[in-house]
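Spelled out, the chains give:
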Protein chains: 4
Amino acid sequence: MRRYYRGHDLQRIHSVAEMAAAARARLPHFAWEYLAGGAEDELTLSRNVSDLQAIGLQAHTLRPCAEPKREVTLLGKARPLPIGIGPSGYNGMLWPDADLALARAAARRRLPFTLSTVSNATIEAVRQAAPELDFWFQLYPMKAAEMQEDLLLRAERAGCEVLVVTTDASILGNREWDRRSFARPRQLSLRNKLDVLLHPGWMKRVLYPGGMPVLGNLAPYIPPAERNALGSMKFVSEQMDTQFSWDKLARLRQRWQGKLVLKGILHEEDALQAVALGMDGIVVTNHGGRQLDGSLSAIRALQRIAPAVAGRTTVLFDSGIRRGTDIVKALALGADAVLSARATLYGVATAGEAGAGRVLDLLAEELKRNLQLMGCDDINALDSRWLC
Amino acid sequence: MRRYYRGHDLQRIHSVAEMAAAARARLPHFAWEYLAGGAEDELTLSRNVSDLQAIGLQAHTLRPCAEPKREVTLLGKARPLPIGIGPSGYNGMLWPDADLALARAAARRRLPFTLSTVSNATIEAVRQAAPELDFWFQLYPMKAAEMQEDLLLRAERAGCEVLVVTTDASILGNREWDRRSFARPRQLSLRNKLDVLLHPGWMKRVLYPGGMPVLGNLAPYIPPAERNALGSMKFVSEQMDTQFSWDKLARLRQRWQGKLVLKGILHEEDALQAVALGMDGIVVTNHGGRQLDGSLSAIRALQRIAPAVAGRTTVLFDSGIRRGTDIVKALALGADAVLSARATLYGVATAGEAGAGRVLDLLAEELKRNLQLMGCDDINALDSRWLC
Amino acid sequence: MRRYYRGHDLQRIHSVAEMAAAARARLPHFAWEYLAGGAEDELTLSRNVSDLQAIGLQAHTLRPCAEPKREVTLLGKARPLPIGIGPSGYNGMLWPDADLALARAAARRRLPFTLSTVSNATIEAVRQAAPELDFWFQLYPMKAAEMQEDLLLRAERAGCEVLVVTTDASILGNREWDRRSFARPRQLSLRNKLDVLLHPGWMKRVLYPGGMPVLGNLAPYIPPAERNALGSMKFVSEQMDTQFSWDKLARLRQRWQGKLVLKGILHEEDALQAVALGMDGIVVTNHGGRQLDGSLSAIRALQRIAPAVAGRTTVLFDSGIRRGTDIVKALALGADAVLSARATLYGVATAGEAGAGRVLDLLAEELKRNLQLMGCDDINALDSRWLC
Amino acid sequence: MRRYYRGHDLQRIHSVAEMAAAARARLPHFAWEYLAGGAEDELTLSRNVSDLQAIGLQAHTLRPCAEPKREVTLLGKARPLPIGIGPSGYNGMLWPDADLALARAAARRRLPFTLSTVSNATIEAVRQAAPELDFWFQLYPMKAAEMQEDLLLRAERAGCEVLVVTTDASILGNREWDRRSFARPRQLSLRNKLDVLLHPGWMKRVLYPGGMPVLGNLAPYIPPAERNALGSMKFVSEQMDTQFSWDKLARLRQRWQGKLVLKGILHEEDALQAVALGMDGIVVTNHGGRQLDGSLSAIRALQRIAPAVAGRTTVLFDSGIRRGTDIVKALALGADAVLSARATLYGVATAGEAGAGRVLDLLAEELKRNLQLMGCDDINALDSRWLC
Ligand SMILES: Cc1cc2nc3c(=O)[nH]c(=O)nc-3n(C[C@H](O)[C@H](O)[C@H](O)COP(=O)(O)O)c2cc1C
Ligand SMILES: Cc1cc2nc3c(=O)[nH]c(=O)nc-3n(C[C@H](O)[C@H](O)[C@H](O)COP(=O)(O)O)c2cc1C
Ligand SMILES: Cc1cc2nc3c(=O)[nH]c(=O)nc-3n(C[C@H](O)[C@H](O)[C@H](O)COP(=O)(O)O)c2cc1C
Ligand SMILES: Cc1cc2nc3c(=O)[nH]c(=O)nc-3n(C[C@H](O)[C@H](O)[C@H](O)COP(=O)(O)O)c2cc1C
């Protein structure tokens, strides 16, 4: 008789997994696939979760902690929780103005939100929608120097204090199941077209208002004739700098005054190199199992990397965060904070800002309860002794 | 063609698993869920069982033991078996006067029964129902000192020789599936209301006689207007002392003349601290996987804790006991006895006292047969050499 | 489209698993359950097989062995294969005169057959049916000294050269699923009675000729009034010597001039004790997972025991043998030969002597092919270097 | 909603697994079984894949490699990819002139193709169909010296530069499920006959043109009266030299001037012996799990063998290659190249040359993408540091 809730009251959605089920029901298959799927056989996708689940937690009772401290200082700034929203592209496919919804949900909780280079909303629109937002911008290095420079200028102007450079996805991973939704690039298969028709809510919300969402953020750089969904996708894939290197990163480090975070690190050597180049932070991630299938799980990578760079740079973690306990485990293994991507996207796909907010609240609540149950009164005290 | 027995002859129920199936059939879903479910993804719940199953047993044939000794001395008193009934709240939801049924089943077999603070029956009623009972009382530390003191006085008056202080559940675990039965706190979802109607036997037995059972034991302290099911639940959750600490435990130790047992230990450091504070016993437990999901299995915790405190305090174990072999394994790993919670609750939900008794008898029989088959003529001789 | 063969041509049954499926189809559920089931949760039953499967084999190509030597010297006698048929009781429930069928199948291949104490055929009938048989007798130690002595005398007279004393089943294991076939001891449940009616072939073959088979071998000792199926079962269970010990074994060793083999060893200490008492052989076995559930798998026990007694006694192995490779693995781990029980019983239940013979031939063929594929030209050369 | 593509556009087949599904749909069951199945319980078949999947990959981002070098020097010759098509017999059952189709697909990509001794096409026909082909010939050692010598002469004349001697299949593995397709040798069971009728496309393509394909390559040596499918099979199995040995290999080494590769090595001792005898290469393989079931997975064998012979002979690998990452893993563990068998056969069974080509292209693309994603700009640089 166990069944997830199917209605509209977000308070009755009790976990990220339940939110995922809700999102799945609301999205046409192709959009769900894009969101939830991984590369090839999804070995890495599933290990991201199973390797986290395999870690055991220690608990000490009799250490009262009614209000465990969850505040952390991250990249030089106090933040209420060790959680941020990570970058994701094409969010507009999930919900109208999904980027703005995520930004508002984050802002309201004083958590950072990272806008992707390939977002549907512009940097400027995000700032306008959430003036108080702790605003991070994610850069995919671009071939055209002027385009990249313009993006950086816009980010600066919008007050982005943290720049996240993603290095693991200039070459697109082999997301087969995603491609199987299409008969030809950008043309859905018949089955998937029919399936879209079975989701009138989504059509009304997402499709009718403006057709398939375009890459708003990059629109200025796209030749007007190609500013449709198909054209802009092609444009982007051609503009990605597949030659991005440590040298170029060094130059970017000089260029960017704010905090610079390198996203896409899976090897301790690279982490050390990032430290040497003066990175303010790194994100240990395998891009949610969407890139190299077979790559070790992100949490196992963290286990190797964190000790190597401990205290010398800020360590962020993503890929597989679905529970408060996942956050506890990542922090106990040396991360300073985690980024949420799919988790909050499930929320936004279900109910826009409110849905994303519900996910953040669930993670925050779980985190609080976990610390209480573990008898840990300060999240900053977590280390590997809390694991087993 | 394998199928569990579905009828009413308890002698045809041959295992705890079969009793669980019988209970499940008799209970409305929400009650079954409350009874059998665990926290979040139920990782700990399932590891409690699988980690026990993974342990191998050694057997020596040619060592005749027609009547292996199962008697143990526990907390200074000889007992026929290393088994007690552990505390559980709200038993009245499973069977009318379930607390009394459990108490009588235990008393008849000269085994201890532990009454929960949040029981439906009062301490006094239990004593009256089972005058010979080896009566243990489980205390949830309370904010209001007078209320706690009054509970202790009542327990003393009722002749409870052992006080079990539970320290791992002042903050309620995140039992999502339990919550999913409800549309709002204490208000069943429509599906679950319909499901109740499909269980007329349960309605007749449990619901009609007196409505949803109230917290009889705490009733005196609850403002009369709130003495209904919903109100008393709220009352309790507010009264739990979430600030209970080693200091307060030390004071409790001074206050309580009888045996004092600390329930909720998962870490060897805490076990040693308990010894230092003069605890007569500890219960190594993770509350049946109902609190911190991801917490290591209780049997693995026992493996670490028992050697650390060997000989210096009494070590009880629960969480996952479903078979005689589970008891053998726990004892071989250093436990002095085990507590049964879900196992006997499955019995009581199926057939009241007789059902609980059947479960105790099954465990006792299995234990005897196990020892015979292992060639172990005294349960007190079990140690890790019997495992592999 | 994969499906096992369902017809009557034994040559089309290509493996023991396929024979098991055939037996299952031909037997009423209760008889299949008795045959194939194990104790309690069947942990040991399933590990017997999975632990064997987990062992890897090494192969050397370019070592031609068209006719690998499979002959072994076992208990002082050359035998064509390191395989014998192990003892099993109540075979008559599977096929009329199943004991005789097994004996003939073994005799025809010059392999030993072990008659169980609780057989349906008498020792004398077996000898008469298979005059050339390499005849082993399995003794369950009996309370009544005269009865046991008479059994030994009859075995001697029938020319049994090997006496197998079983020590692990004087106390019956907890075979729950077997018991679930019955409403009361020996009285089938309604479902099972109906299921018998669905197996007219079995009824005609087994049931009509003489009713439920009685314990022929023990019949002389059973009071005439109790010589029915129910009565004889009760008689046997009361006569089992549950006090059998190393002392009594020492006396039996003095009494029995022929080869004496101890069946039921799982611990290296006991194996050494058996050597000390002059046992000609031991059988490393857990009784096919029918006794102590949780007991380590027989092959893991062999891994510990064989090195301890290497060269000092004959080591037989059973519990889990379903393939030629299982035999290879057991021998490589130190066994001198294996016993087949369920495997050949599946054959006999399917087609009497021919079925049992087919199973022996399958194992022999597989063994030959395995040795060829491994490049091992003499089965006596197998050792742990062939494993990985 | 996930479902593999079922139509005819090969570009929509995105992985070897999807190609396998397509092949399965197009083939009658018996042919699919022959192609995809393994020996006995298929333990080795499934471990070949699962052991490869269990290996983790390391990735370094920020090392740009737009065009990673995939060229290798193999057996003294530069080749565009470390991939060849391995030998397989009876391909004609999958597609008309399947050998020619495979040869052409390989030739067009400048990859080697290995023709099996038991091919349907003759050596000469292959050479004619693909004049530029990098042509390898696989020899099953034959009893009749003249026949073998004639095969070698023909291979020389056809310009085969590499001779692959297969040593692990002179004795046929126990492919039970394959045999279960037949009521008698070469006579399909009724179910399978009906199933053939359900595959009219296959009948039209494969069966009508010329009946069951005969062993074209060996036809000259088969007595004319036996030159049908059944007769030639019998002939072959009788002609296999089951006495092939290191001595005979030494003589073959003297006889064959070209490159000589030994296929069927699973043990480091044998690999060393192959080096000692001057083999130009070895193939670490377990024949795709079709021979000795229980044999360790090929990738685990590679892990032991490659370090032992590193730099002293060319190490090829097969058994389980389904993905670009599998190739990466094999090379990182010391293989110089891999052979594809089932993978390309799935392609040929789906769409002849185009299908096989699609599989090679998929592997090549995956390989390229993998190297890019790993940040490895030269496939020759792969070593165990890329694994974890
Ligand atoms: C739909 C989707 C789009 C994404 N787009 C981007 C992106 O534009 N830029 C980026 O750096 N990462 C992107 N990512 C990767 C995420 O930032 C993050 O690394 C990953 O999703 C973490 O795994 P998890 O979502 O399973 O926790 C994307 C992920 C998803 C699921
Ligand atoms: C329905 C239920 C109610 C419980 N209530 C209490 C309680 O009131 N006090 C307490 O100390 N433990 C309580 N527990 C925990 C048990 O005492 C015990 O630690 C746990 O159930 C052991 O796991 P097992 O039942 O799987 O063996 C409860 C457990 C269950 C299943
Ligand atoms: C139906 C059945 C009856 C058995 N009866 C006896 C018996 O009478 N005496 C005995 O020593 N072992 C008996 N055994 C145990 C077998 O001799 C043997 O140890 C066990 O079956 C080996 O496991 P396997 O059958 O899975 O290979 C019996 C086993 C089965 C399956
Ligand atoms: C249908 C089929 C036929 C084969 N025939 C031959 C053969 O004639 N000669 C040979 O050396 N290997 C033969 N093999 C083995 C392959 O060359 C190769 O070792 C094996 O298939 C590798 O496993 P994989 O296909 O799972 O990658 C055959 C394999 C298959 C699947």
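Residues numbered from 1 in each chain as written. Chains lettered and ligands numbered in written order. Predicted model: local features only at pLDDT ≥ 70, side-chain atom pairs only at ≥ 80, totals over all residues. Heavy atoms only, no water.

Visitor: Before we go on, may I ask you to explain the site of ligand 1 in this structure?
Guide: Residues and elements named next belong to chain A. Lining the immediate surroundings of ligand 1 are 22 residues, of which Pro87, Ser116, Thr166, Asp318 and Arg342 lie closest. Between ligand 1 and Gly320, the relevant distance is 3.1 Å, taken from an oxygen atom to a main-chain nitrogen or oxygen of the residue. Notes on ligand 1: free accessible area 600 Å², of which the protein chains cover 98%. (Near = heavy atom within 4 Å. Polar contact = N/O pair within 3.5 Å; in protein donor to acceptor, adjacent residues only side chain to side chain. Areas by Shrake-Rupley, 256 points an atom, 1.4 Å probe, with all protein chains shown as cover.)

Visitor: Help me understand the relation of the copies chain B and chain A in this model?
Guide: Note on the chain copies: they are related by a rotation about an axis and a translation along it. Rotating chain B by 90 degrees and translating it 0.0 Å along the rotation axis places it on chain A, where the RMSD comes to 0.0 Å. A rotation of that kind, with that shift, is consistent with a four-fold axis. By C-alpha distance to the rotation axis, the residue of chain B lying nearest is Ala54(B), at 11 Å. (Least-squares fit on C-alpha atoms with pLDDT ≥ 70 in both.)

Visitor: What exactly am I supposed to notice about the pattern of salt bridges here?
Guide: As a working rule, side chains carrying opposite charge can pair if their charged atoms are close by. Using the criterion set out here, one finds 88 salt bridges over all chains in the structure. Linking Glu176(B) and Arg180(B) is a salt bridge whose minimum nitrogen-to-oxygen distance equals 2.9 Å. Taken as a pair, Glu176(B) and Arg180(B) lie in helix 7 (residues 176-180) at a separation of 4 residues, close to a single helical turn. A relative accessible area of 2% places Glu176(B) in the buried class. For Arg79(D), the salt bridge goes to Asp134(D), with nearest N and O atoms at 1.9 Å. Here Asp134(D) lies in strand 5 (residues 134-139) and Arg79(D) lies in strand 2 (residues 77-79), a separation of 55 residues in the sequence. Each member of the pair, Arg79(D) together with Asp134(D), is buried. Salt bridges sharing common partners tie together Glu18(A), Arg323(A), Glu366(A), Glu40(B), Asp41(B), Glu176(B) and Arg180(B). (Salt bridge = Lys/Arg side-chain N within 4 Å of Asp/Glu carboxyl O. Helix = DSSP H or I, 4+ residues; strand = E, 2+ residues; numbered from the N terminus. Buried < 20%, exposed > 50% of the residue type's maximum accessible area, 1.4 Å probe, protein only.)

Visitor: Sorry, what's going on with the interface of chain C and chain D here?
Guide: Interface size is often expressed as the accessible area that is lost when the parts come together. Contact residues are listed per partner, giving 31 residues for chain C and 45 residues for chain D. When the two sides are added together, the surface that chain C and chain D hide from each other amounts to roughly 3400 Å², 51% of it contributed by carbon and sulfur. Taken as a group, Met1(C), Arg2(C) and Leu62(C) account for 24% of the area that chain C buries against chain D, more than any other trio of residues on that side. Linking chain C to chain D there are 7 salt bridges. In this structure, the salt-bridge partner of Arg180(D) is Glu18(C), at a minimum N-O distance of 2.6 Å. At the boundary of chain C and chain D, one finds 15 residue pairs in polar contact (both at pLDDT 80 or more). Listed by contribution, the elements that provide at least two residues to the side of chain C that touches chain D are helix 3 (43-54) and helix 15 (342-374) of chain C. Looking at side-chain class alone, the side of chain C that touches chain D contains 13 nonpolar, 10 polar and 8 charged residues. (Contact = heavy atoms within 4.5 Å. Buried area = accessible area lost by both parts, 1.4 Å probe. Nonpolar A, V, L, I, M, F, W, Y, C, P; charged D, E, K, R; others polar.)

Visitor: Looking at this structure, I do not really get the arrangement of the chains. What am I missing?
Guide: Between chain A and chain C there is no contact, and the shortest C-alpha to C-alpha distance separating them is 22 Å. Chain B makes no contact with chain D; the smallest distance between any of their C-alpha atoms is 22 Å.

Visitor: Quick question: what am I supposed to make of the interface of chain B and chain A here?
Guide: At the junction of the two partners, chain B supplies 45 residues and chain A supplies 31 residues. For the pairing of chain B and chain A, the buried interface totals around 3400 Å² over both sides, and the portion due to carbon and sulfur atoms is 51%. Contact with chain A buries area across many residues of chain B, yet Arg180(B), Arg191(B) and Leu292(B) alone supply 19% of it, more than any other trio. The interface formed by chain B and chain A holds 7 salt bridges in total. Between Glu42(B) and Arg2(A) there is a salt bridge; the shortest N-O distance is 2.7 Å. There are 15 residue pairs in polar contact (both at pLDDT 80 or more) connecting chain B and chain A. Ranked by the residues each element gives to the side of chain B that touches chain A, the list is headed by helix 7 of chain B, at 4 residues. In terms of residue class, the side of chain B that touches chain A is made up of 14 nonpolar, 15 polar and 16 charged.

Visitor: Could you clarify how one ought to interpret the UniProt feature "domain: FMN hydroxy acid dehydrogenase" (unreviewed entry) in chain A in this entry?
Guide: In this numbering, the UniProt entry assigns the feature "domain: FMN hydroxy acid dehydrogenase" (unreviewed entry) to residues 8-388 of chain A. Counted over residues 8-388 of chain A, helix gives 45% and strand 13%. Its end C-alpha atoms are 39 Å apart. (UniProt positions renumbered as here; feature names shortened; annotations may be inferred.)

Visitor: What exactly am I supposed to notice about the packing of aromatic side chains here?
Guide: The relation between two aromatic rings is expressed through the spacing of the ring centres and the mutual angle of the planes. Applying the stated criterion across every chain yields a total of 20 aromatic pairs over all chains. Seen from their ring centres, Trp177(A) and Tyr4(D) are 5.2 Å apart, and the 20 degrees between their planes marks the pair as stacked. With Trp177(A) in helix 7 (residues 176-180) and Tyr4(D) in the segment before helix 1 (16-26), this residue pair bridges two chains. Note on Tyr4(D): relative accessible area 29%, which makes it partly exposed. Measuring from ring centre to ring centre gives 5.6 Å for Trp32(B) and Tyr346(B), while their planes differ by 25 degrees; the resulting arrangement is stacked. (Phe/Tyr/Trp six-rings, centres within 6.5 Å; stacked < 30°, edge-to-face > 60°.)

Visitor: Sorry if this is basic, but what is going on with the state of the cysteines here?
Guide: Working definition of a disulfide: a covalent bond connecting the sulfur atoms of two cysteines. Under the defined criterion, the tally for this structure stands at 0 disulfides over all chains. Considering cysteine sulfurs only, Cys376(B) is the nearest to Cys65(B), which forms no disulfide, with 6.9 Å between them. (Disulfide = S-S within 2.5 Å.)

Visitor: Is there a simple way to explain the pairing of strand 10 (residues 281-284) of chain A in this structure?
Guide: The side chains of a regular strand alternate between both faces of the sheet. Residues and elements named next belong to chain A. Both faces of strand 10 are covered, namely the face carrying Gly281 and Val283 and the face carrying Ile282 and Val284. Pairing analysis gives 4 bridges linking strand 9 (residues 259-265) to strand 10, with the strands arranged parallel. Counted as the bridge partner of Ile265 is Val284 from strand 10. The β-α-β motif built from strand 10, the intervening helix 13 (residues 298-309) and the parallel element strand 11 (residues 314-317) has right-handed crossover chirality. (Pairing = 2+ DSSP bridges. Right-handed = clockwise from strand over helix to strand, strands pointing away.)

Visitor: I tried to follow the site of ligand 3 on my own but got confused; where do I start?
Guide: Residues and elements named next belong to chain C. Around ligand 3, a shell composed of 22 residues is seen, among which Pro87, Ser116, Thr166, Asp318 and Arg342 lie nearest. Measuring from an oxygen atom of ligand 3, one finds a backbone N or O atom of Pro87 at 2.7 Å. One nitrogen or oxygen atom from the main chain of Gly89 is found 3.0 Å from a nitrogen atom belonging to ligand 3. Summarising the interface, the protein chains cover 98% of the accessible area of ligand 3, which totals 600 Å² for the free molecule.

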